[in-house]
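Take a look at the letters that make up each chain.
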Amino acid sequence: MDEMERKLLELKNTSELMIDLAYSSVLFNNTEIAEEVIFLDKRMEEIADEIEEAILSMEPTKEVLVKALVLLNLKITIEKIGESAASIADVVIRGFSQHPVISMSLMDSEVLTERVEISPGSSLSDKALGEIRLASRCGMFVIAIKRGRRYIYGPGKNTILQEGDTLLARGPEDGAEVFRKLASGKMDYRDL
Amino acid sequence: MAESDDYINLNKIDMSLKELLTEMKDISEVIVDLAYAALMFDSEDIAQEVEDLEEEMDDLKYAIRIKAMMAARTKDDAMQLSGLLQIANAAENIANAAADMVRLQEFPLEQRPFLSFILKESEEKIRMTQLSSDSDMVNHTIGELAIESNTGMRIIAIKGRQGWIYDPEPDIKLRAHDSIIVRGTEDGFRELVKYTSGKEAWEPEEVATDG
């Protein structure tokens, strides 16, 4: 994969994280998460600029021009997705996300966001996300971790969970239930 | 022509504000997955579904605007409902972006080989697997199997003898030779393929039934 494709991939991954975080910020009425979405939107603009520069530096053969056109179009649509996420986060920051119908509709959604704290004695503590493989074990995909006053957004395989961490994860209803049991220590992830 | 019904789908108007927003949020999520799937598998059928969903979003958008206006009694109501409409609008913009994305199919496949490569490298990937007749998932519903909570793979579309089913409901039964398009992590996919291929017996954990 060349530099530009790598950047496009980063742009895509960022836009997906932003959507997840944006809907979560509404659900939990959480300004801090909403601010992160706005921050990621700025980061997306930087990556988008870098993609444009990379396109401009290409040798303009016919083949390259077609590729540039496809890349540019894809970049624009991904940016649009990111901007939409930012627009959702903006509602939270303005304090306009408090109509009860809003959180009720998000709770009725097919994809839920669950927030749980890792209790003492949970099998999840001191384990790396890559080892626990929450997604393949119970369908929950971790989008953020709150540790003390700090958030870790879009954690990776090597992120190690700690007792007291609050995890934000997206997934189906029955998965959320298992996830709560894992975090509370009622269930061990190795038994799944 | 031009009865007002042509412009607004009336059964959307009958939905509640809550139902409308839930529907818009759900579509905004699945439509992006479908758009990437359309590009990856170069499928005109999936692209068509993306366009249909985008049109449905349009109906939902007008319905939710009307419902929100009817719900506002006070200035405070109006302020919070303006927030609701902004979220609905953002969901619709996501659908528009997804529809724009599938238009990249107008470029011949050989001119965008890197696209599917990028899509394969994403954290959560869109993949396709076919159900072998040996798989004991055959003749079970998606709900019974609780595929997502057991493997983390979310089914976004199924192609069977009767054609495509998009964003399938839990009561949809899987049949031998169905192709299923899923979204999720790499190891979740590997797990799923063990079962769809029939190499391993599907042993749902208590996940689905345990209250």
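Predicted model, so just to flag it, every value in this text is computed and none were measured.

(A) Quick look at the overall build of chain A. Check the secondary structure of chain A and you find 7 helices and 4 strands. Listed N to C, the secondary structure of chain A is α-α-α-α-β-α-α-β-β-β-α in terms of helices and strands. Dimensions of chain A along its principal axes, counting C-alpha atoms only, are 60 × 40 × 30 Å. Counting all 192 residues of chain A, 45% fall into the buried class. Summarising the internal contacts of chain A: among those between residues at least 6 apart in sequence, 79% fall at separations of at least 24.

(B) A look at the overall build of chain B. Scanning chain B from terminus to terminus reveals 8 helices and 4 strands. Listed N to C, the secondary structure of chain B is α-α-α-α-α-β-α-α-β-β-β-α in terms of helices and strands. Dimensions of chain B, computed from C-alpha atoms along their principal axes, come out at roughly 60 × 50 × 35 Å. In chain B, which comprises 211 residues, the share counted as buried stands at 45%. Considering only contacts within chain B whose residues lie at least 6 apart along the sequence, 79% involve residues at least 24 apart.

(C) Representation of the domain arrangement of chain B within the structure. Residues and elements named next belong to chain B. Domain annotation of chain B identifies domain 1 (4-109) and domain 2 (122-196). For domain 1 versus domain 2, the distance between C-alpha centres works out to 25 Å. On the side of domain 2, 9 residues touch domain 1, which itself brings 10 residues to the contact. Elements with a contribution of two residues or more to the side of domain 1 that touches domain 2: helix 2 (17-40) and helix 3 (44-71). Counting residues per element, the side of domain 1 that touches domain 2 draws most heavily on helix 2, which supplies 6 residues. Partitioned by chemical class, the residues of the side of domain 1 that touches domain 2 number 7 nonpolar, no polar and 3 charged.

(D) The arrangement of the domain arrangement of chain A in detail. All names here are of chain A. Splitting chain A by domain gives domain 1 (3-101) and domain 2 (110-191). Spacing between the C-alpha centres of domain 1 and domain 2 amounts to 25 Å. Contact with domain 1, which involves 10 residues of that partner, is made by 9 residues of domain 2. Residue assignment for the side of domain 1 that touches domain 2 shows that the elements contributing at least two residues are helix 1 (3-27) and helix 2 (31-56).

(E) Inspection of the interface of chain B and chain A at higher detail. On the chain A side, the residues contacting the 47 residues of chain B number 45 residues. For the side of chain B that touches chain A, the secondary structure elements donating two or more residues are helix 2, helix 4 (75-102), helix 5 (113-121), helix 7 (147-151) and helix 8 (186-196) of chain B. The leading source of residues in the side of chain B that touches chain A is helix 4 of chain B, at 14 residues.

(F) Seen up close, the packing of helix 1 of chain A against helix 5 of chain B. Between helix 1 of chain A and helix 5 of chain B, the shortest axis-to-axis distance is 10 Å and the interhelical angle comes to 50 degrees. In terms of their interaxial angle, helix 1 of chain A and helix 5 of chain B are classed as oblique. The hand of the helix 1 of chain A/helix 5 of chain B crossing is right-handed. In contact with Glu5, Leu8, Leu9 and Lys12 of chain A of helix 1 of chain A, helix 5 of chain B contributes Phe114, Phe117, Ile118 and Glu121 of chain B. Across the contact of helix 1 of chain A with helix 5 of chain B, the residue classes tally to 5 nonpolar, no polar and 3 charged.

(G) Expanded view of the confidence of the model for chain B. Overall, the predicted model of chain B reaches an average pLDDT of 89, with 92% of residues at or above 70. In the predicted complex, the global pTM is 0.91; the interface-specific ipTM is 0.92.

What counts and how
Residues numbered from 1 in each chain as written. Chains lettered and ligands numbered in written order. Predicted model: local features only at pLDDT ≥ 70, side-chain atom pairs only at ≥ 80, totals over all residues. Helix = DSSP H or I, 4+ residues; strand = E, 2+ residues; numbered from the N terminus. Buried ≥ 20, exposed ≤ 12 C-beta atoms within 10 Å, placed from the backbone. Contact = placed C-beta atoms within 7 Å. Domains from an automatic or database assignment. Nonpolar A, V, L, I, M, F, W, Y, C, P; charged D, E, K, R; others polar. Axes fitted to C-alpha atoms, helices over the stretch in contact; angles between N-to-C directions. Parallel < 35°, antiparallel > 145°, perpendicular 65-115°, else oblique. Left-handed = near helix turned anticlockwise from the far one by under 90°. pLDDT = per-residue confidence, 0-100.

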